[in-house]
Amino acid sequence: VVDDRQEAGAGYVGSHACKALAAAGFLPVVYDNLSRGHEWSVKWGPLEIGDIADQARLEAVMRKHRVTAVVHFAALAYVGESMQEPGKYFANNVGGTLSLLQAMHNVGVKRIVVSSTCATYGIPDRIPIDESTPTRPMSPYGESKLIMEKMLGWYRTCHGLDWMALRYFNAAGADPEGEIGEDHDPEPHLIPAVIRTALGQQTVLQIFSTDYPTPDGTAVRDYIHVADLADAHIRALDYLSGGGDSQPINLGTGTGHSVREVVHAVERAAGHPIKAILQPRRPGDPPFLVADAAMARRVLGWQPSHSSLETIVATAWRWASARVAVPVGHQPAAPVHELRRRHGS
């Protein structure tokens, strides 16, 4: 498994995916450089420390564990950071994916599920966004993910690779059982940042613009619970195993929530107001991003079950408040997981 968001199997989405993979009968072998991931989140299979750019190491790990499929999360995933350091994003997300794909080809691994993003669409022509919406990324992050998808297509054409790119909308929430959750330092994502402010771990919340063409002036996003994302990865693997077509698929709820709505939801959970300050818009941020996830329902039989805003905030609040006395220090990451069935392929 290669983890993204982006860390790896030791990162946010990757660790939740590993828990789901283990429950589904896979043995998730986490390959992660731990630059943004956490060793404590690797609980359901072995950890192999390595960088996604190290093709020889990737090949050795795949052979050692007799890997039959890859779930790729090893990307950098912050829009703002990508606008400041585009070279870093293309080197890791594009160069790292090339290293991974070539390692898979050399070893003979033919299936991959990739963590992609709604940032591939840029500012869409219509809402909700379906997979036929033109892809016009507004950031190096979104562009790097779109290039990754195009690489998958060419490896399919040239080498017979079976792939699926899951275009997440906004991943959020925490494991409903409280074992793992989101933990970044600094924290670039809205919901955990609001929760940290409510818990007194940061003094003030930054809201980036209230002049968007939205009902309350703040940006609107489609939040999808990380446990629902994890479930989609299992379904995508099974779909490819059954001979399903290679393609990108949206993962979202079809419902958007504004920044103000998220803040109010956390205030209700906390029982007190949250101090916020207004900042200018960030380059690369569209006003609306809401998914049409009909294809995920039709192709994968996937239906989110944890993704109401109340459930997302409740699980994230439980995770963060239980750790309020625990220091957060972390670094940046690039992860990779490889998988095999516990008994055969």
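Everything below is about the structure printed above this text.
Right, let's walk through the structure included here. (Residues numbered from 1 in each chain as written. Predicted model: local features only at pLDDT ≥ 70, side-chain atom pairs only at ≥ 80, totals over all residues. Heavy atoms only, no water.)

Each helix and strand counted, the protein chain has 10 helices and 14 strands in total. The buried share of the protein chain, reckoned over its 345 residues, is 58%. For the protein chain, restricting intrachain contacts to residue pairs at least 6 apart in sequence, the fraction spanning at least 24 positions comes to 80%. Carbon and sulfur atoms make up 53% of the accessible area of the protein chain, which totals about 13,100 Å². (Helix = DSSP H or I, 4+ residues; strand = E, 2+ residues; numbered from the N terminus. Buried < 20%, exposed > 50% of the residue type's maximum accessible area, 1.4 Å probe, protein only. Contact = heavy atoms within 4.5 Å. Areas by Shrake-Rupley, 256 points an atom, 1.4 Å probe, with all protein chains shown as cover.)

So, on to the side chain of asparagine 93. Within the secondary structure, asparagine 93 sits in helix α4 (residues 86-107). Among the polar contacts made by the side chain of asparagine 93, one reaches the side chain of serine 144 at a distance of 3.0 Å. Contact partners of asparagine 93, with chain neighbours within four places excluded, come to Ala75, Leu76, Tyr141, Ser144 and Met148. (Polar contact = N/O pair within 3.5 Å; in protein donor to acceptor, adjacent residues only side chain to side chain.)

Further remarks concern the pattern of salt bridges. Throughout the structure, instances matching the rule amount to 17 salt bridges. Note that glutamate 85 is salt-bridged to lysine 88, the shortest N-O span being 3.9 Å. With a relative accessible area of 36%, glutamate 85 lands in the partly exposed category. The partner of glutamate 149 in a salt bridge is arginine 167, with the nearest N and O atoms 2.6 Å apart. You can see glutamate 149 sitting in helix α5 (residues 140-159) and its partner arginine 167 sitting in strand β5 (residues 162-168), a full 18 residues away along the chain. Each member of the pair, glutamate 149 as well as arginine 167, carries the same accessibility label: buried. Residues joined by salt bridges that share partners form a network here, namely Lys19, Asp175, Glu177 and Glu179. (Salt bridge = Lys/Arg side-chain N within 4 Å of Asp/Glu carboxyl O.)

As a further point, take the layout of surface pockets. Approximately 220 Å³ is the volume found for the second largest pocket. Along the walls of the second largest pocket sit 16 residues, with His16, Ala20, Ala227, Ala230 and Asp231 positioned nearest its centre. Those elements that place two or more of their residues in the lining of the second largest pocket are α1 (12-23) and α7 (226-241). No other element matches α7, which puts five residues into the lining of the second largest pocket. Here the lining of the second largest pocket is composed, by residue class, of eight nonpolar, four polar and four charged. (1 Å grid on protein atoms, 1.4 Å probe; cavity = no way out; pocket = protein on both sides within 12 Å on 5 of 7 lines; lining within 4 Å. Points joined across faces, edges and corners; volume = space filled by probe spheres on them. Nonpolar A, V, L, I, M, F, W, Y, C, P; charged D, E, K, R; others polar.)

Time to look at the pairing of strand β10 (residues 247-251). Counting buried positions over the five residues of β10 gives four, a clear majority of the element. Relative to β10, β5 runs parallel, the two sharing five bridges. Looking across to β10, one finds that tyrosine 168 is bridged to leucine 251. (Pairing = 2+ DSSP bridges.)

Spatially, β11-β8-β13 is the arrangement adopted by the three strands of the open sheet, whose pairing is mixed. Each end of this open sheet is capped by a strand with a single partner; those strands are β11 (257-258) and β13 (288-289). Summarising the sheet, strand β8 (residues 220-221) and β13 pair through two bridges and their orientation is parallel. If you follow valine 220 over to β13, its bridge partner there is phenylalanine 288.

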